[in-house]
Amino acid sequence: MMKMTKNLLLGVVAVCGSTFQAVACTGISLTSRDGSYVQARTIEWARGVLQSEYVIIPRGQQLTSFTPTGVNGLTFTAKYGVVGLAVVQKEFIAEGINEAGLSAGLFFFPHYGGYETYDAAQNQRTLADLQVTEWLLAQFSTIDEVKAALSSVRVVGLEKTAVVHWRIGEPSGRQVVLEIVGGVPHFYENEVGVLTNAPGFEWQLTNLNNYVNLHPGDASVQKLSGITLQPTGGNSGFLGIPGDATPPSRFVRAAFYRGTAPQRATGFDTVQQCFHLLNNFDIPIGIEHSQGDIPDIPSATQWTSAIDLTNRKVYYKTAYNNSIRCIDLKAIDFSKVKYQSQLLDKIQEQPVEMVKIPR
């Protein structure tokens, strides 16, 4: 049974942000030519080191949700083995997959989402927002199962200013976004394959219409008052794409980068492509703070993951070590493995391969 940590609320603020400017997550998804489906994302926190771990949940593990008053919420048993990437503590899985291939992750959603009011009399069906990913990965194999079961729980927040929404995907390539607004859940089919933060998903889709002029390649030569206007460099078709780190701008960039990315042959090729695409969304730590107020961390982007739902593999790299690491679910016996968590970086150090110059 998990123990209530003394600094739980501080941890919640750390994962979801004491100020919304400090948190930014960008998610994309791609399918390879061999049918492998990959969901990838970044996770950011700009106030210090975000304690991140990989978590292994065996089949049959009993789990209990936090509530604002303790470890006294919904209790459930894992039907499926799970591999997750957690933040602050092992129960708060931010991104993960189960052995059935269902994958899910949470994204910060400030000011626009809102859960049901906490009611201690209903603790037995109360589920903390930061444990929704853990719950659905442990219990379900399809999106439809999640949708059918959501009404059986009461999702509440552990910290009033911290609200999230979720991305849920299947190996088939189907993906939905779950947003809870005013205590009412809304599921959206995500055909654009992108998710960031606030405002809501429908607004983000509408906002894409403001960039209808963007296209890959170069803009055409134009005449203006007798002079010729021509591109000054490559990729002029994307001139005007927003370059800041706000959620709407990242959503637009991610949608166009994803939409113009060539389809790769295999799942692993696609995983590599996702990491390359998401390199464009690394947030430098300096832009998140006033001068003199910058913490000693290398990047606001603390880690990036890519999960191959088809081949049941979790890949990740971190701000401290850009080497890609992999956890293969098929190599885990979820009937025997122990419930455990390990730091993503045992040593926060970037390995460097020295090049030997031949004589």
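Here goes a summary of the coordinates provided. Given the structure is predicted, the values throughout are model-derived calculations rather than measurements.

**Some details on the overall build of the chain**
Move 1: The helix and strand tally for the chain stands at six helices and 20 strands.
Move 2: What you see for the chain is a C-alpha radius of gyration of 21 Å, in line with the 21 Å of a compact globule of 359 residues.
Move 3: Considering only C-alpha atoms, the chain reaches an extent of 75 × 60 × 50 Å along its principal axes.
Move 4: Within the chain, buried positions represent 53% of all 359 residues.
Move 5: Taking all contacts inside the chain whose residues are at least 6 apart in sequence as the whole, residues at least 24 apart take part in 69%.

**Thoughts on the pairing of strand β17 (residues 301–308)**
Move 1: Of all the eight residues making up β17, eight are buried; the element is thus mostly covered by neighbouring parts of the structure.
Move 2: When β17 meets strand β18 (residues 313–318), the two strands line up antiparallel, connected through six bridges. Each residue of the ladder has a partner; that of S305, found in β18, is Y316.
Move 3: Following β17, the chain reverses through four residues before pairing antiparallel with β18; R312 in that reversal takes a positive phi of roughly 55°.

**Looking at the sheet that holds strand β6 (residues 82–87)**
Move 1: Read from one edge to the other, the open sheet built from eight strands follows the order β13-β12-β11-β8-β7-β6-β3-β20, with strand pairing classed as antiparallel. The two strands at the open ends of the sheet, each matched to only one other strand, are β13 (184–189) and β20 (340–343). Strand-to-strand twist of the sheet, defined as the mean angle between neighbouring strand axes without regard to direction, takes the value 20°.
Move 2: Two strands pair when backbone bridges link them, and strand β3 (residues 52–57) and β6 are joined in this way by six bridges, in the antiparallel orientation.

**So, the pattern of salt bridges**
Move 1: On inspection of all chains with the given rule, the structure shows eight salt bridges.
Move 2: A salt bridge links R41 to E95; the nearest nitrogen and oxygen atoms lie 2.6 Å apart. Taken as a pair, R41 in strand β2 (residues 37–44) and E95 in strand β7 (residues 93–98) lie far apart in primary sequence, 54 residues in all. We note that R41, like E95, is buried.
Move 3: Residues D144 and R174 are paired through a salt bridge, measuring 3.0 Å at the closest nitrogen-oxygen approach. A residue pair is termed long-range when its members are at least 10 positions apart, and D144 in helix α3 (residues 143–149) and R174 in the loop between β11 (164–169) and β12 (175–181) qualify at 30 residues.
Move 4: Since its relative accessible area comes to 22%, R174 is described here as partly exposed.

**Side note on the side chain of T270**
Move 1: Structurally, T270 can be placed in helix α6 (residues 267–278).
Move 2: Polar side-chain contacts of T270 include one of 2.9 Å to the backbone oxygen of T266.

**Some thoughts on a nonpolar patch on the surface**
Move 1: On the surface, L224, I227 and L229 cluster together to form a nonpolar patch covering roughly 260 Å² of accessible area.
Move 2: By the secondary structure assignment, L224 is in strand β15 (residues 222–224).
Move 3: What makes L224 partly exposed here is its relative accessible area of 46%.

**Considerations on the packing of aromatic side chains**
Move 1: The full count for this structure, using the stated rule, is ten aromatic pairs.
Move 2: Ring centres of F238 and F256 lie 5.8 Å apart, and the angle between their planes is 80°; on these two criteria the pair is classed as edge-to-face. Here F256 lies in helix α5 (residues 247–260) and F238 lies in the loop between β16 (227–229) and α5, a separation of 18 residues in the sequence. By the burial criterion, F238 is buried, and F256 matches it.
Move 3: When the centroid spacing of 5.9 Å and the interplanar angle of 45° are considered together, the rings of F268 and Y315 count as tilted. Separated by 47 residues along the polypeptide, F268 in helix α6 and Y315 in strand β18 bring together distant segments of the chain.
Move 4: Residue F268 is classed as partly exposed on the basis of its relative accessible area, which comes to 42%.
Move 5: Each residue in the set F238, F256, Y257 and F281 is aromatic and connected to the rest through ring pairs, giving one cluster.
Move 6: The ring of F107 carries the charged tip of R41 above its face, separated from the ring centre by 4.1 Å.

**Some thoughts on unusual backbone geometry**
Negative phi characterises most residues that are not glycine, and trans characterises most peptide bonds.
Move 1: With an omega of 0°, the peptide bond running from A198 to P199 counts as cis.
Move 2: Among the structural elements, P199 can be located in the loop between β14 (194–195) and α4 (201–207).
Move 3: At S225, a residue that is not glycine, the phi angle is positive and equals roughly 50°.
Move 4: Summarising the element assignment, S225 is placed in the loop between β15 and β16.
Move 5: A relative accessible area of 76% means that S225 is categorised as exposed.

Criteria and thresholds
- Residues numbered from 1 in each chain as written.
- Predicted model: local features only at pLDDT ≥ 70, side-chain atom pairs only at ≥ 80, totals over all residues.
- Heavy atoms only, no water.
- Helix = DSSP H or I, 4+ residues; strand = E, 2+ residues; numbered from the N terminus.
- Rg over C-alpha atoms; globule rule 2.2 N^0.38 Å.
- Buried < 20%, exposed > 50% of the residue type's maximum accessible area, 1.4 Å probe, protein only.
- Contact = heavy atoms within 4.5 Å.
- Pairing = 2+ DSSP bridges.
- Axes fitted to C-alpha atoms, helices over the stretch in contact; angles between N-to-C directions.
- Salt bridge = Lys/Arg side-chain N within 4 Å of Asp/Glu carboxyl O.
- Polar contact = N/O pair within 3.5 Å; in protein donor to acceptor, adjacent residues only side chain to side chain.
- Patch = residues over 30% accessible without salt bridge, like charges linked within 9 Å, V, L, I, M, F, W, Y side chains within 5 Å.
- Areas by Shrake-Rupley, 256 points an atom, 1.4 Å probe, with all protein chains shown as cover.
- Phe/Tyr/Trp six-rings, centres within 6.5 Å; stacked < 30°, edge-to-face > 60°.
- Lys NZ or Arg CZ within 6 Å of the ring centre and 35° of its normal.

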